[in-house]
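# Coordinate inspection notes
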Amino acid sequence: MRAFIKAIFSSLCFSFFILHFSFSQENDAGLWLTASVEKKLNKDFKVALTEEFRFKENYSQLGTYFTDVSLQYKISKSFNASFNYRFIKKLQPDLTYQTRNRFYLDIAYRYKAHKWNFILRTRLQDQLKAISIEEQYSEPEYYWRNKLSVKYSVKKFTPYITGEIFYPLNNPKGNEIDEWRWSIGSDYDLNKKNTIGGYFLIDKEIHVNNPLTSFIIGLEYGYVF
């Protein structure tokens, strides 16, 4: 398991170093608004419900909105897993919203040192289009995503920085990293149950036609009970 974790960590660091020197042809500014509710069932299981709205075209257009449901399981002090379903509505060129169904499995490893938290999360993702009779069948999109987060806790604040890479598993043109993200932000605990947060995120497409770089402001609210 340690070798597996080191391999993911090394690939993340190497990929971000290389991808730093690639440049996109198109830019956009976006706003992501997120609200979540989390309920602890027992010492090992908890469930969460998340709603998110993602605006694009310089904040002027709602590009995507979704509902995400997850069941999380604490494997050990350092490892946890979650099984997730996401119901997505995505804006199309004709200004209608098309449905996507996403299923994914997360496994995360956490290492804590004093006020520092290092979290390495790997995700296997399957996304399907909901098509009508008139539409042609399209193959599901499979992705392997790896994300590294570094957090520091100070009083009620938890500033953090994250980096993530997207690797397709069934691209007919060949599988290679086609997207990366990094973000910097902070969470703030209003009290034991309520948390707010904000972040700045860069989402960059690579190895695709007309790659897009999005500069995103995110605002979050979380409630735990």
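See the structure printed just above.
Below or above, wherever it landed, is the structure these notes cover. (Residues numbered from 1 in each chain as written. Predicted model: local features only at pLDDT ≥ 70, side-chain atom pairs only at ≥ 80, totals over all residues. Heavy atoms only, no water.)

## With respect to the pairing of strand 2 (residues 45-56)
Pairing analysis gives 10 bridges linking strand 1 (residues 26-40) to strand 2, with the strands arranged antiparallel. Counterpart to lysine 40 in the pairing with strand 2 is lysine 46. Connecting the antiparallel pair strand 1 and strand 2 is a turn made up of four residues. Note: strand 2 against strand 3 (residues 61-74), 12 bridges, orientation antiparallel. Residue phenylalanine 55 lies in a different strand from strand 3, and its bridge partner there is leucine 62. (Pairing = 2+ DSSP bridges. Helix = DSSP H or I, 4+ residues; strand = E, 2+ residues; numbered from the N terminus.)

## Notes on the pairing of strand 6 (residues 116-129)
Two strands pair when backbone bridges link them, and strand 5 (residues 97-113) and strand 6 are joined in this way by 14 bridges, in the antiparallel orientation. Across the sheet, residue arginine 110 finds its bridge partner in strand 6, namely isoleucine 119. The turn linking strand 5 back onto strand 6 is made up of two residues, and histidine 114 within it adopts a positive phi angle of 60°. Strand direction decides the pairing type here: strand 6 and strand 7 (residues 141-152), joined by 12 bridges, are antiparallel. Note that in strand 7 the partner of leucine 124 across the bridge is tryptophan 144.

## Topic: the packing of aromatic side chains
In this structure the tally under the stated criterion is 11 aromatic pairs. Between the aromatic rings of tyrosine 85 and phenylalanine 103, the centroid separation amounts to 5.1 Å while the plane-to-plane angle is 40°, which identifies the pairing as tilted. Here tyrosine 85 is found in strand 4 (residues 79-91), whereas its partner phenylalanine 103 is found in strand 5, with 18 residues between them in sequence. On the basis of relative accessibility, which here comes to 27%, the residue tyrosine 85 falls in the partly exposed class. (Phe/Tyr/Trp six-rings, centres within 6.5 Å; stacked < 30°, edge-to-face > 60°. Buried < 20%, exposed > 50% of the residue type's maximum accessible area, 1.4 Å probe, protein only.)

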